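Observations on the model geometry
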Amino acid sequence: MNGNHCDLLLTGGTVVSVDDDRTIYDPGAVAITGSRIVAVGPEHMAADWQADTVISCRGQAVLPGLVDGHNHLFQALARGLGEGMSIVPWLCEFMWPYSIAVNREDALAAVRLAAAEALRAGITTVVDNHYAPTDVETTLAVADVIEGSGLRGAVARGVVGQPTDIAKRRGQPAELFRYSSADELAMTREAMRERPAGSKVEVWPAPLNLTYIDRDLVRACAELAAEFGTRWHTHCCEGKGDAPGFLDAYGERPVRWLADEGLLDRATLAHAVWLDDEEVERVGAAGAGVAHNPSSNAYLASGTLRLRDLRRSGAAVSLGTDGPSCGHRQDLFEGMKQAIYAQRLASLDPGASRAEEALELATREGARYAGVHAGVLEPGRLADVIAVDLGGVHLQPLHRVVSALVYSARPSDVALSVVGGEVVYQHGKCLRVNEDAVSEDARSHASRLVRRAGMTDLLVPWQH
């Protein structure tokens, strides 16, 4: 009898490792001890291991857990509203009134719901850009809910400070600017001390948007990330007018300013659609991260990311869902497919992106972006693993497993989610979450919140 012992052994599935050689074992096996993968290989490898728990994944694809590089979990209570608006009206007429009206109980109800949805969709890591409300107690409570559900990731605490001239010109409501810059930094520091680098769910500084946050405050947030050894997060050049507005106000483009100030190396930039050639190269040279949100960008008609250019430059490009109110589902299967379609439509080139690239964005590149030692099935990596059922008629006939996963699979096909070696989703249930109670609580909060925010006009059942 072999002396190798592991806690969990996954056997019989088609193991899509997404390693450097893009190895696929069909059938294969994955052995896990504690929070780490200890072995990956062909199915006969399983005979070398004695396991406390064995799970058969026959008829399933076993792959790294998906990474959501940009989300707003608190927006889950506003799903389906804000239809037919571009980014600035969407913010001013819908999202800002909503976010100002959200209280702690609303936010936590939304995060519980959204975390369960993420787990059911094969997402194992989420970067949650939380900005409603942002007091220390709520920020830490959001992190607790995310970790308590079984996910890993980061709460990127939205930092706003005092209104700039750009913010005033854009008509952003005064209620959004609740704290001074000094208070914002003090609260972020306090939250980061409670959840430092290396926590299962970290806290990162997140100046909300490069366009309208005071530049000194942005710089201070980047310095805070360097002090604590974390990344920092911001919205960047999502709308076509963002960079020109910054240029008019400061005489330079926002990403060039970040590069000149030496602030890019720990940056994770959400969207980054409207970058020029120099900015693309400088993002890559600094090894910065970009969260590509193709479904959100299509929903708001924001534009198409320069995906291949950014990847060639060296940037870590992750996929993001951008929250339940900006595309409506936390669905990175849809995100992978949409990422490919967006590139092909923008270039009129069917070879502009392929299924293999999209899967890399959702797994290994997402993990690199988030600073998580996961995203690949190989020994030593964190055991963040999912299994996807390949038996549905929408996946037949199964010729190429990667193409099937990217173009045809959907969240309902996820059969198993393991985070840090713990099974957190199996047999159609989140094992740490009472989904019925969470859904009922979210519905109750949502109905009150929409009215409190003065958004009942968005509830019209049919619009032209």
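Residues numbered from 1 in each chain as written. Predicted model: local features only at pLDDT ≥ 70, side-chain atom pairs only at ≥ 80, totals over all residues. Heavy atoms only, no water.

Some details on the state of the cysteines
Chemically, a disulfide is nothing more than a covalent bond linking the sulfur atoms of two cysteines. Counted according to the given criterion, the structure contains zero disulfides. In this model Cys236 remains outside any disulfide bridge; the closest cysteine sulfur is found in Cys237, 3.8 Å from its own. The buried category is assigned to Cys237, whose relative accessible area is 2%. (Disulfide = S-S within 2.5 Å. Buried < 20%, exposed > 50% of the residue type's maximum accessible area, 1.4 Å probe, protein only.)

Regarding unusual backbone geometry
In this structure, the amide linkage connecting Ala132 to the following residue, Pro133, adopts the cis form with an omega of -25°. Cis geometry marks the peptide bond from Gln396 to Pro397; its omega dihedral reads -10°. Position of Pro397 relative to the elements: it lies in the loop between β14 (385-389) and α15 (401-408). The backbone phi angle of Val18 is positive, close to 55°, even though this residue is not glycine. One can find Val18 in the loop between β1 (4-16) and β2 (24-33). Val18 sits in the buried class, given a relative accessible area of 6%. For Cys237, which is not glycine, the phi dihedral falls at a positive 50°. In this structure, Cys237 sits in the loop between β10 (232-236) and α7 (242-250). (Helix = DSSP H or I, 4+ residues; strand = E, 2+ residues; numbered from the N terminus.)

Describing empty space enclosed by the protein
Enumeration over the complete set of coordinates arrives at three cavities of 30 Å³ or more. Along its surface, the largest cavity is lined by 19 residues, and Ile87, Trp90, Leu91, His235 and Glu238 are the ones closest to its centre. Ranked by residue count, the leading element in the lining of the largest cavity is helix α1 (residues 87-101), at five residues. Split into classes, the residues belonging to the lining of the largest cavity amount to 10 nonpolar, five polar and four charged. The calculated volume of the second largest cavity comes to roughly 90 Å³. Taken together, the residues of the lining of the second largest cavity break down into five nonpolar, three polar and two charged. (1 Å grid on protein atoms, 1.4 Å probe; cavity = no way out; pocket = protein on both sides within 12 Å on 5 of 7 lines; lining within 4 Å. Points joined across faces, edges and corners; volume = space filled by probe spheres on them. Nonpolar A, V, L, I, M, F, W, Y, C, P; charged D, E, K, R; others polar.)

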